[in-house]
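# Fold and contact review
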Amino acid sequence: MGLFNTTYDVIVVGGGHAGSEAAAASANLGAHTLLITMSLQNIAQMSCNPAMGGIAKGQIVREIDALGGYSGVVTDKSAIQFKMLNKSKGPAMWSPRAQSDRMRFAETWRLMLEQTDNLDFFQDSVNGLIFDGNKIAGVKTVLGLEIKAKSVILTAGTFLNGLIHIGNKQFGGGRAGESAATGITEDLVKKGFESGRMKTGTPPRVDGRSLDYSKMIEQPGDEYPEKFSYLPTIKPLTKHRSCYMTYTSQEVHDVLRSGFDRSPMFNGRIKSIGPRYCPSIEDKIDRFATKDRHQLFIEPEGWDTVEVYVNGFSTSLPEDIQDKALRKVVGFENVKFFRYGYAIEYDYFQPTQLKHNLETKLISNLFFAGQINGTTGYEEAAAQGLMAGINAALKVQNKPEFLLSRSEAYIGVLIDDLITKGTEEPYRMFTSRAEYRTLLRQDNADIRLTKKSFDIGLASKERLDLMDLKQQKSELLIDFIKNYSIKPDLINPILIANKCAVIKQSMKLFKIAARPQINFNTIATLPDIATFITENDIPESAKEQAEIFVQYSGYIEKEKNNADKINRLEHIKIPETFDFHKLNSISIEARQKLTKIRPQTIAQASRISGVSPSDVSVLLVYMGR
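The text that follows walks through the structure, step by step, so that each part is easy to find.

Definitions and limits used
- Residues numbered from 1 in each chain as written.
- Predicted model: local features only at pLDDT ≥ 70, side-chain atom pairs only at ≥ 80, totals over all residues.
- Heavy atoms only, no water.
- Helix = DSSP H or I, 4+ residues; strand = E, 2+ residues; numbered from the N terminus.
- Rg over C-alpha atoms; globule rule 2.2 N^0.38 Å.
- Buried < 20%, exposed > 50% of the residue type's maximum accessible area, 1.4 Å probe, protein only.
- Areas by Shrake-Rupley, 256 points an atom, 1.4 Å probe, with all protein chains shown as cover.
- Polar contact = N/O pair within 3.5 Å; in protein donor to acceptor, adjacent residues only side chain to side chain.
- Contact = heavy atoms within 4.5 Å.
- 1 Å grid on protein atoms, 1.4 Å probe; cavity = no way out; pocket = protein on both sides within 12 Å on 5 of 7 lines; lining within 4 Å.
- Points joined across faces, edges and corners; volume = space filled by probe spheres on them.
- Nonpolar A, V, L, I, M, F, W, Y, C, P; charged D, E, K, R; others polar.
- Pairing = 2+ DSSP bridges.
- Axes fitted to C-alpha atoms, helices over the stretch in contact; angles between N-to-C directions.
- Phe/Tyr/Trp six-rings, centres within 6.5 Å; stacked < 30°, edge-to-face > 60°.
- Lys NZ or Arg CZ within 6 Å of the ring centre and 35° of its normal.
- Salt bridge = Lys/Arg side-chain N within 4 Å of Asp/Glu carboxyl O.
- Core = buried A, V, L, I, M, F, W, Y, C linked by side-chain atoms within 4.5 Å.
- Parallel < 35°, antiparallel > 145°, perpendicular 65-115°, else oblique.

### What to know about the overall build of the chain
On a plain count of helices and strands, the chain comes out with 20 helices and 24 strands. Whereas a compact globule of 625 residues would reach a radius of gyration of roughly 25 Å, the chain reaches 26 Å, a difference of no more than 12%. Its C-alpha atoms give the chain principal-axis dimensions of about 80 × 70 × 55 Å. In the chain, which comprises 625 residues, the proportion classed as buried is 59%. Of the accessible surface of the chain, which amounts to about 26,000 Å², a share of 51% is contributed by carbon and sulfur atoms.

### Concerning the side chain of Asp 207
Assignment of secondary structure puts Asp 207 in strand β15 (residues 205-207). A residue is classified by how much of its surface remains accessible, and Asp 207, at 5% relative accessible area, is buried. Within polar-contact distance, the side chain of Asp 207 engages the side chain of Arg 209 at 2.8 Å. Dropping the residues within four chain positions of it, Asp 207 is found in contact with Val 306, Lys 336 and Phe 338.

### Description of helix α3 (residues 71-78)
Counting buried residues in α3 gives seven out of eight residues, a clear majority hidden from the surface. Every buried residue belonging to α3 is among Ser 71, Gly 72, Val 73, Val 74, Thr 75, Asp 76 and Ser 78, and all of these are buried.

### Comments concerning empty space enclosed by the protein
For the coordinates displayed, the defined rule picks out two cavities of 30 Å³ or more. Considering only enclosed or pocket space, the largest cavity measures out at about 40 Å³ in volume. Lining the largest cavity are Asp 76, Ala 79, Phe 82, Glu 226, Lys 227, Lys 235, Pro 236 and Leu 237. Looking at the lining of the largest cavity residue by residue, the classes come out as four nonpolar, no polar and four charged.

### Comments concerning the sheet that holds strand β11 (residues 152-154)
Read across the sheet, five strands follow the order β7-β3-β2-β11-β22 without closing on themselves; strand pairing throughout is parallel. The sheet is open, and its two borders are formed by β7 (119-123) and β22 (366-368), each paired with just one other strand. Geometrically, the sheet is characterised by an average inter-axis angle of 20 degrees between neighbouring strands, direction not taken into account. Across three bridges, β11 lies against β22 in parallel orientation. If you follow Ile 153 over to β22, its bridge partner there is Phe 367. Lying on the sheet, helix α1 (residues 17-28) is in contact with β2 (10-13), β3 (33-37), β7 and β11; it crosses β3 at an angle near 165 degrees.

### A word on the layout of surface pockets
Considering only enclosed or pocket space, the second largest pocket measures out at about 1,200 Å³ in volume. As for the second largest pocket, its lining consists of 44 residues, and the residues nearest its centre are Glu 226, Asp 443, Glu 540, Ser 541 and Glu 544. When contributions to the lining of the second largest pocket are tallied by element, the ones reaching two or more residues are α11 (445-456), α12 (461-483), α15 (520-523) and α17 (540-570). In terms of residue count, α17 provides more of the lining of the second largest pocket than any other element does, nine residues in total. Along the lines of polarity and charge, the residues of the lining of the second largest pocket split into 20 nonpolar, eight polar and 16 charged.

### Looking at the packing of aromatic side chains
This structure, assessed with the given rule, holds 14 aromatic pairs. For the pair Phe 82 and Phe 228, a centre-to-centre distance of 5.5 Å together with 70 degrees between the ring planes defines the contact as edge-to-face. Placement of the pair is Phe 82 in strand β5 (residues 79-85) and Phe 228 in the loop between β16 (217-219) and β17 (243-247), with a sequence separation of 146 residues. Its guanidinium or amino end placed over the ring of Tyr 427, Arg 433 lies 4.2 Å from that ring's centre, counting from NZ or CZ. Stacked on the ring of Phe 510, the Lys or Arg Lys 482 has its end atom at 5.8 Å from the ring centre.

### Describing the sheet that holds strand β8 (residues 126-132)
With mixed pairing, the four strands of this open sheet are ordered in space as β1-β10-β9-β8. Pairing within the sheet leaves two strands with one partner each, and these edge strands are β1 (7-8) and β8. In this sheet, strand β10 (residues 146-149) lies alongside β1 in parallel orientation, the contact comprising two bridges. Considered in β10, the bridge of Thr 7 is made with Lys 148.

### Remarks on the pattern of salt bridges
This model, assessed by the stated rule, comprises 38 salt bridges. With a closest N to O distance of 3.2 Å, Lys 150 and Asp 9 form a salt bridge. Note that Lys 150 is positioned in the loop between β10 and β11 and Asp 9 in the loop between β1 and β2, a separation of 141 residues in sequence. What makes Asp 9 buried here is its relative accessible area of 14%. For Asp 304, the salt bridge is made with Arg 104, and the minimal N-O distance between the two is 3.3 Å. Remark: Arg 104 occurs in helix α4 (residues 102-114) and Asp 304 occurs in the loop between β18 (295-300) and β19 (307-311); sequence separation between them is 200 residues. Because the salt bridges share partners, they merge into one network encompassing Arg 406, Asp 416, Asp 417, Lys 421, Glu 435, Glu 570 and Arg 607.

### Here's the deal with the nonpolar core
General note: in soluble globular proteins, nonpolar side chains tend to be found buried as a group. Core analysis: the largest hydrophobic core is formed by 107 residues, its most contacted members being Ile 11, Ile 147, Leu 154 and Ile 411. A total of eleven residues in this core trace back to one element, the largest contributor, which is helix α9 (residues 378-396).

### Describing the packing of helix α2 (residues 57-67) against α3
Two elements in contact, α2 and α3, have axes whose closest approach is 7 Å; the angle formed by their N-to-C orientations is 115 degrees. In this view, α2 runs roughly perpendicular relative to α3, as classed from their interaxial angle. Across the interface between the two elements, Val 61, Ile 64 and Asp 65 from α2 touch Ser 71, Gly 72 and Val 73 from α3.

### Overview of the side chain of Asp 416
Note on placement: Asp 416 falls in helix α10 (residues 410-421). Relative accessible area serves as the criterion here: at 1%, Asp 416 is assigned to the buried category. One polar contact links Asp 416 to His 356, side chain to side chain, over a distance of 3.2 Å. For Asp 416, the residues in contact, after removing those within four places along its chain, are His 356, Arg 406, Lys 421, Gln 604 and Arg 607.

### Considering the environment of Leu 418
In this fold, Leu 418 is placed in helix α10. Accessibility expressed as a relative area gives 2% for Leu 418, which makes it buried. As a C-alpha pair, Leu 418 and Glu 226 span 192 residues in sequence and 31 Å in three-dimensional space. What Leu 418 contacts, discounting residues up to four positions off in sequence, is Pro 351, Thr 352, Asn 373, Thr 375, Gln 384, Thr 423 and Tyr 427.

### Observations regarding unusual backbone geometry
Backbone geometry at Asn 118 places phi at a positive 70 degrees, although glycine is not the residue there. Assignment of secondary structure puts Asn 118 in the loop between α4 and β7. Of note in this structure, Asp 537 is not a glycine but carries a positive phi near 50 degrees. Note on placement: Asp 537 falls in the loop between α16 (527-535) and α17.

Encoded structure:
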């Protein structure tokens, strides 16, 4: 059957990180899925930096992997360096990050998608939507095709009416060398959607052969690198490529300032808001005028290519200024450009127009994922794509929606933040956004999420068995430590070496191991413990779980109790048609916000900016506490 007489279960528009995860999830759940993208060569293209993970973002990639998504596997297979960030802090802050080979990353994604059953591909540009009343019915393309679908996921990235800026020049485009997408925004606005504009930017790419690395600070990967995927068939790196660090200077800043009169950032050409936590270099020197230098991270684009990404130098200044300023940076004196930095403005839709399952409130079976929802970053986009793909497939199959709460996943925090609070600037995930970050660690994403995903048919039996084994072995070790009494003569030398108070009589090892000064690996070398670990074949992953539980059990327990209290409010539903305006005893602001956002539960209502605790109490009374 051809495109003309097929009604797909799910059409995914856009082949970026959100679209790729959406297509994989939908197809793997048995939905007949079509991925439409402008360029099949650019599936899952890393449009900006060649890296995955980082603070809080690494936790999201682990969660995607635990749920059976592809991002973790693809990253591991195409990585050129791996680092666990924040190791000097507690485990809630540990965040995995990998540098990727840009070309191999996209190739690996494409090949994995091609090997996915129920997934078709089509290269074309979508320029319109087909509606059946207030339900989506399919898409229209530039070639003039009308392709029918029961459900559509829009993951248009920066392509919706995309406009590229370099100095005084501006031209339509969704990415350097690729045209913008038109028509979709206009169709949605006619249906009553509220759209806005956002901005993002990218730095120059340069020829690594023209740089002097001897003048820079080398940044190698971890000596014993880990990986993202929980699958044992995926192996960690055995070698890696280094990144490098250098700095801007006052001289560099002076050159950059000389181009401000031609900067679209400052002369009014760009009117939209850019990402607060990834500002352009001109924004940095303007906002932080007292700083005489800024870090630049020099990131190789792959194993064999000479192309280099200048992280920290995102800019839309004119080409001559970019050239002149970068030559003043130490190590860049003879730099050759592959391509100049640029800014891009694009359409997005305020995410308060979505339900928790990422379906739009106005049009049923239409889902949004990625930058169309006002986010920034591959990881945030991929997470939304995965959840939209799952929920689009489940909706078509008349199955219950799949949701994650704030206490279950960073993905839950991300989606709840977006649909409850909305965003006026590109949204980026941080550990500080999660109130339960001790529970939401990168090491336990499989324990938190794999069973849930297996139950809906996405995560494999292999993943579930691996997770069960890890949990069993870790609980076995924890029980042993709780019940094992250690004698003073065995433990006191370790306590003295770590400047800890010695013990005078036998004590349960759990109490000793919980002391902050004590390294768990040292405890694990004690003869009885070492024998127990060997005889019971306790893997490193289970040992790590046990260590974190022993050292942080007090915090974990407290956070669980807090989460349980809030989760009780998650179960108190608010009827879809409830009239908030009849609640005279709550503030006018609360009535307006509640009417606009239409929260589905009391807990969601409590997180809306402008809704006070006393307003929540009134709601509780009305919902029949």
